[in-house]
Amino acid sequence: MMVNKRNNWSIVADILTMIVSLLWVAPLFFAVLISVRPSSDPLSVGNIFFGRSITLENYQRALELAPWEWHYLTSVLVVIGVLIVQIITITMAGYAFARMKFFGRNILLFILLIQLMIPSGVLVVQNLTTMRQLDLFDTRWALMIPYWASAFGVLLMRQTFREIPPELEEAARIDGANLLQILRFVYIPLSIPTYIAFSLVSISARWNEFLWAAMVTRTAEVRPVTTGLSQLFSATEAGTNYGQLMAGTLLVVAPLVILFIFFQRRFIESFASSGLK
């Protein structure tokens, strides 16, 4: 009886999972259908999803209205630049909070926890003022510098490093290893799943960043892909062309969707083994 009961609950769980999955996929499916609907077909023609034909004109117009090659280049550079520096900072800070004993460690850790509760939009004005004072306004550096440190990443690495047996570090020190060698050969190899999990979060967050990019940049050559959507919207003020907007949206989210499709198993395994709850 217990086996049958558990199987029944498993079936219910599977059904609920399928329903939730369909709800999550529905907006993407809707965007694809609207993007290939002719802009000349009103919603009263055919049905809300399909028009009289399927066309790629919306993609063509979206590509013409915004310099996507520059937007993609900027987004890739920003994502890579931020991630590289973040890996360095969260590794050093995570080790310091996990293994080092120094005055004020708990206070600094408490400040990090408070920072996690502060919305990033609250700091936009202060960060914008800082970028102007550094003469970095309207540059790719301005898009990267505010995100070079990550409180979430530091706390994540601290928890991961604390789970590594300290005896491994002691054995490395006996063999004459310095701090950088200990990090390279002991802590970092044992924390690869955590680094992958954090990297996926960082890439997704920086790729989808819009508010900060819209405020700190003006020229199209240094703006990321998310700002391309605003150009599509401003180009259709007389009447919103949802086909173009959906085409532009798919151009923005396509790299992340493709990345997840190819690395979904690694994505799930990384979060499961990194201790993220």
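Structure report, in brief.

What counts, and where the lines are drawn
- Residues numbered from 1 in each chain as written.
- Predicted model: local features only at pLDDT ≥ 70, side-chain atom pairs only at ≥ 80, totals over all residues.
- Heavy atoms only, no water.
- Phe/Tyr/Trp six-rings, centres within 6.5 Å; stacked < 30°, edge-to-face > 60°.
- Lys NZ or Arg CZ within 6 Å of the ring centre and 35° of its normal.
- Helix = DSSP H or I, 4+ residues; strand = E, 2+ residues; numbered from the N terminus.
- Core = buried A, V, L, I, M, F, W, Y, C linked by side-chain atoms within 4.5 Å.
- Buried < 20%, exposed > 50% of the residue type's maximum accessible area, 1.4 Å probe, protein only.
- Contact = heavy atoms within 4.5 Å.
- Arc of directions from axis to C-beta.
- Salt bridge = Lys/Arg side-chain N within 4 Å of Asp/Glu carboxyl O.
- Axes fitted to C-alpha atoms, helices over the stretch in contact; angles between N-to-C directions.
- Parallel < 35°, antiparallel > 145°, perpendicular 65-115°, else oblique.
- Left-handed = near helix turned anticlockwise from the far one by under 90°.

**Things to note about the packing of aromatic side chains**
All told, the structure shown has seven aromatic pairs when counted by the stated rule. The structure contains a cluster of three or more aromatic residues connected by ring pairs, namely Trp68, Tyr72 and Trp207. Seen from the ring of Phe137, Arg132 lies directly overhead, with NZ or CZ sitting 4.1 Å from the centre. For the cation-ring pair, Arg206 lies above Tyr147, with the distance from its terminal atom to the ring centre recorded as 3.7 Å.

**Examining unusual backbone geometry**
Residues other than glycine seldom take positive phi values, yet Asp135 does so here, at roughly 60 degrees. When you line up the elements, Asp135 lands in the loop between α5 (124-133) and α6 (140-144). Within the chain, Asp138 stands out as a residue other than glycine whose phi angle is a positive 65 degrees. Locating Asp138 in the fold gives a position in the loop between α5 and α6.

**Focus: the nonpolar core**
Core analysis: the largest hydrophobic core is formed by 38 residues, its most contacted members being Trp68, Phe161, Tyr187 and Trp207. Going through the elements one at a time, α1 (2-35), α3 (68-99), α4 (105-116), α7 (151-162), α9 (179-190), α10 (192-207) and α13 (242-273) are the ones with two or more residues in this core. In this view, Trp207 contacts Tyr72, Ser75, Val76, Val79, Val225, Thr226, Val252, Pro255 and Leu256; residues no more than four positions away in its chain are not counted. In this structure, Ala142, Leu143, Met144 and Val216 belong to the second largest nonpolar core, which totals 13 residues.

**Considering α5**
What α5 keeps buried is the set Val124, Leu128 and Met131. For α5, the buried positions fall inside an angular range of 60 degrees around the axis, keeping them on one side. Exposed residues on α5 whose side chains face more than 90 degrees from its buried face are Val125 and Gln133. For α5, the elements touching its buried residues are α6 and α11 (211-216).

**Structural notes on the pattern of salt bridges**
Here the structure, examined in full by the defined rule, presents four salt bridges. With its nearest N and O atoms 3.1 Å apart, the salt bridge here joins Arg173 to Glu169. Taken together, the positions of Arg173 and Glu169, both in helix α8 (residues 166-174) and four residues apart, correspond to about one turn of that helix. Relative accessible area serves as the criterion here: at 43%, Arg173 is assigned to the partly exposed category. In this structure, the salt-bridge partner of Arg206 is Glu209, at a minimum N-O distance of 3.5 Å. Both residues of the pair, Arg206 and Glu209, belong to the buried class. Because the salt bridges share partners, they merge into one network encompassing Arg99, Glu169 and Arg173.

**Observations regarding the packing of α3 against α7**
It is the contact of α3 with α7, at a shortest axis distance of 8 Å, that shows an interaxial angle of 50 degrees. Compared by their axis directions, α3 and α7 come out oblique. Here α3 and α7 pass one another in a crossing that is right-handed. Each of Ile90, Thr91, Ala93, Gly94, Tyr95, Phe97, Ala98 and Arg99 in α3 lies in contact with α7, whose residues at this interface are Gly153, Val154, Met157, Arg158, Phe161 and Arg162.

Taken by themselves, the reported measurements are silent on function.
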